[in-house]
Amino acid sequence: MQNPAARTPDVIAAIATAPGRGGIGVVRVSGASLSEFAAALCGRVPQPRRAMFSAFVDAAGEAIDEGILLHFPAPASFTGEDVLELQGHGGPVVMQMLLARCLELGARLAEPGEFTRRAFLNGKLDLAQAESVADLIEASTAAAARSAVRSLSGRFSEEIHRIVDALIDLRMLVEATLDFPEEEIEFLERARAMPRLEEIRDKLESVLDRARQGALLRSGLNVVLVGEPNVGKSSLLNQLAGEDRAIVTDIAGTTRDALRETIQIEGIPLHIIDTAGLRETADTVERIGIERTWREIERADVILRLVDASAAATDTTPEASESIDARLPRGVERITVVNKIDLAGLAAGRIEEPGEPGGRIRLQVSAKRGTGIDLVRAELLRIAGWHAHGEDVILARERHLHALRAALAHIESAAAQSAALELFAEELRLAQESLGEITGEFTADDLLGVIFSRFCIGK
Ligand SMILES: Nc1nc2c(c(=O)[nH]1)N(C=O)[C@@H](CNc1ccc(C(=O)N[C@@H](CCC(=O)O)C(=O)O)cc1)CN2
Ligand SMILES: Nc1nc2c(ncn2[C@@H]2O[C@H](COP(=O)(O)OP(=O)(O)OP(=O)(O)O)[C@@H](O)[C@H]2O)c(=O)[nH]1
Ligand SMILES: [Mg+2]
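Model, not experiment: these values are computed from the prediction.

Asker: So what about the overall build of the protein chain? Which residues, and what values?
Answerer: Per the secondary structure count, the protein chain includes 17 helices and 13 strands. Principal-axis analysis of the C-alpha atoms places the extent of the protein chain at approximately 80 × 80 × 35 Å. Relative to its 459 residues, the protein chain shows a buried fraction of 48%. On the protein chain, roughly 22100 Å² of surface is accessible, and the fraction owed to carbon and sulfur atoms is 52%. Of the charged side chains in the protein chain, 51 are positive and 71 negative; the average position of the first set lies 5 Å away from that of the second.

Laid out in structure tokens, this is it:
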């Protein structure tokens, strides 16, 4: 990596608090040396890391706002550079004026994530920690937030470091022996190379499992409610959401547009999507709604296929119903929800139909009365594969899962290469490199660009 200081000499500024009105608003500035900057803004140089009440003045010496100024001299700051915080009144206009004043004093607007990027480049955070800053801000459930803050404090990175250390130890042993080919096999036994490799693999598998759970916690699942008009999709959405989100009537074709409602079950965000009932129709608006239903189906992780249990079913024929089923995508989890059991005299329950590969699940519920809804929740959790206990979950991103899987594949190749020490060593090296991508030891600049550009401005 290049010298970061040489690449980031300019002063950056941004409003760090959320847009809109608030009690307090913060403009954050980071750069090489900001004492003069502070003096120009406040008329005096603040003491390091001491809250100073002061007016923030414009070029003519007129107050723009009065507030608290904080100066964190480098390197003891969030970014590792000099940081100034202007804590003013949280109105959008006054914040813009403070920001404009900072630009006038020589700062430029920070790019999204640029403060955190500098913190990473200056070694304040590793890449996994930097990502967890954004994940914490974006967390949509308390469980996700807890997991993000654990990663921010370095727990995920520490686990990766421990595995990397074990790999390095093993590599050193192996490479020390490479010059003595006649001892190879004997060496592997003496050094207990295989049991060590297995230990590493076990640790990696555990991390990967918990990271998979975390990925679930991060982004959740798209659950799409699908069926003919009037089968009770909107009623089921309302039951799952616990409030009347969607319009329910006995008119077939009530729902026109797809409606998305995020709920959580045991901390897992589930995006429930209510859709327009599927049928042949001459109504233009309804037809567009049905096209949207199919688009939602393409993005589904789980399809809840609703059918009407009552004899007075829908105005679609069994053939039409079968043609819907035939069009549903294969690879996606699908559950049949038999609704309106109250009209059919059926009991709530879960029925596993044999025959089909994996078995097809049928849940009997009444969305109107709320019977069997807990079965739907339990089934969604089961499909999500949720089994972790809060504390151990790692709020991983797809990028992390990819690196963990790659590392695991190299460990497995190493295990298969025990007869050829050089290949064994090479696989260990590749595994280490994959893990290094997580913490940012081996990471290309363009990847950093992608990661930090997804942050919000001022972070
Ligand atoms: N007002 C304010 N609140 C904030 C932030 C901030 O920048 N400003 N943060 C921004 O995201 C978060 C806190 N993160 C921070 C991380 C490191 C340092 C810091 O000064 N680090 C120094 C000194 C460490 C110490 O004294 O122990 C360092 O790392 O050397 C400050 C804030 C959340 N709350
Ligand atoms: N008896 C009974 N009626 C139900 C049940 N679930 C839904 N209904 C009724 O069925 C009718 C249609 O329900 P909706 O939830 O609007 O059905 P939908 O599938 O969203 O219909 P569209 O939006 O037209 O596709 C309403 O009158 C509901 O009250 C149930 O479990 N039992
Ligand atoms: Mg509806």
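On we go from here.
Asker: Any details on the site of ligand 2? Residues and values, ideally.
Answerer: Taken together, 23 residues lie near ligand 2, and K233, S235, G253, T255 and S366 sit nearest. Between an oxygen atom of ligand 2 and a main-chain N or O atom of G253, the distance comes to 2.7 Å. Contact between ligand 2 and D342: a nitrogen atom at 2.8 Å from a side-chain N or O atom of the residue. Considering ligand 2 on its own, with 650 Å² of exposed area, one finds that the protein chains cover 92% of that surface. When residues of the shell around ligand 2 are traced back to their parent elements, those giving at least two are α10 (233–241) and α13 (341–344). Considering each element in turn, the shell around ligand 2 owes the most residues, three residues, to α10. Among the residues making up the shell around ligand 2, the classes are represented as seven nonpolar, eleven polar and five charged.

Asker: Can you tell me about the site of ligand 1, naming the residues and giving the values?
Answerer: The local shell around ligand 1 consists of R28, R49, F72, P75, A76, S77, F78, E85, Q87, K124 and K459. Residue R28 places a side-chain N or O atom 2.9 Å away from an oxygen atom belonging to ligand 1. R49 is positioned with one of its side-chain polar atoms (N or O) 3.1 Å from an oxygen atom of ligand 1. When ligand 1 is considered free in solution it has 670 Å² of accessible area, and contact with the protein chains removes 46% of it. The residue inventory of the shell around ligand 1, partitioned by class, reads four nonpolar, two polar and five charged.

Asker: Give a description of the state of the cysteines that names residues and reports values.
Answerer: Here the structure, examined in full by the defined rule, presents zero disulfides. Unpaired in this structure, C102 has its nearest cysteine sulfur neighbour in C42, at a distance of 9.6 Å.

Asker: I'd love a proper account of the coordination of the magnesium ion (ligand 3), names of residues and values included.
Answerer: Around the magnesium ion (ligand 3), the donor atoms from the protein are S234 (OG) and T255 (OG1), and they sit 2.0 Å away. Within this pair, whereas S234 is found in helix α10, its partner T255 is found in the loop between α10 and β8 (259–265), the two being separated by 21 residues in sequence. Overall, S234 belongs to the buried group, its relative accessible area being 8%.

Asker: If you had to explain the packing of aromatic side chains to someone new, which residues and values would you point to?
Answerer: To describe a pair of aromatic rings, one takes the distance between the centres and the angle between the planes. As enumerated under the stated definition, the model contains two aromatic pairs in all. Both rings, one in F120 and one in F452, keep their centres 6.3 Å apart while their planes meet at 35°; by these two values the pair is tilted. Residue F120 is located in helix α4 (residues 114–121), and its partner F452 is located in helix α17 (residues 445–453); the two are separated by 332 residues in the primary sequence. Summarising the burial analysis for this pair, F120 and F452 share the class buried. Measuring from centroid to centroid gives 5.2 Å for F452 and F455, while their planes differ by 40°, and the two rings are tilted. For the residue pair F452 and F455, the accessibility class agrees, reading buried in each case. A cation sits over an aromatic face here: R327 above W294, 3.8 Å from the ring centre.

Asker: Please provide a residue-by-residue account of the pairing of strand β10 (residues 302–308), values included.
Answerer: By the criterion of burial, β10 is predominantly enclosed, with six of the seven residues buried. Where strand β7 (residues 221–226) meets β10, four bridges bridge the pair, whose relative direction is parallel. Paired with V224 across the bridge in β10 is I303. Where β10 lies against strand β11 (residues 333–339), seven bridges are found, and the strand directions are parallel.

Rules behind the numbers
- Residues numbered from 1 in each chain as written.
- Chains lettered and ligands numbered in written order.
- Predicted model: local features only at pLDDT ≥ 70, side-chain atom pairs only at ≥ 80, totals over all residues.
- Heavy atoms only, no water.
- Helix = DSSP H or I, 4+ residues; strand = E, 2+ residues; numbered from the N terminus.
- Buried < 20%, exposed > 50% of the residue type's maximum accessible area, 1.4 Å probe, protein only.
- Areas by Shrake-Rupley, 256 points an atom, 1.4 Å probe, with all protein chains shown as cover.
- Lys, Arg positive; Asp, Glu negative; His and termini not counted.
- Charge placed at Lys NZ, Arg CZ, Asp CG, Glu CD.
- Near = heavy atom within 4 Å.
- Polar contact = N/O pair within 3.5 Å; in protein donor to acceptor, adjacent residues only side chain to side chain.
- Nonpolar A, V, L, I, M, F, W, Y, C, P; charged D, E, K, R; others polar.
- Disulfide = S-S within 2.5 Å.
- Donors = N, O, S within 2.8 Å, 3.2 Å for Na, K, Ca; no water.
- Phe/Tyr/Trp six-rings, centres within 6.5 Å; stacked < 30°, edge-to-face > 60°.
- Lys NZ or Arg CZ within 6 Å of the ring centre and 35° of its normal.
- Pairing = 2+ DSSP bridges.

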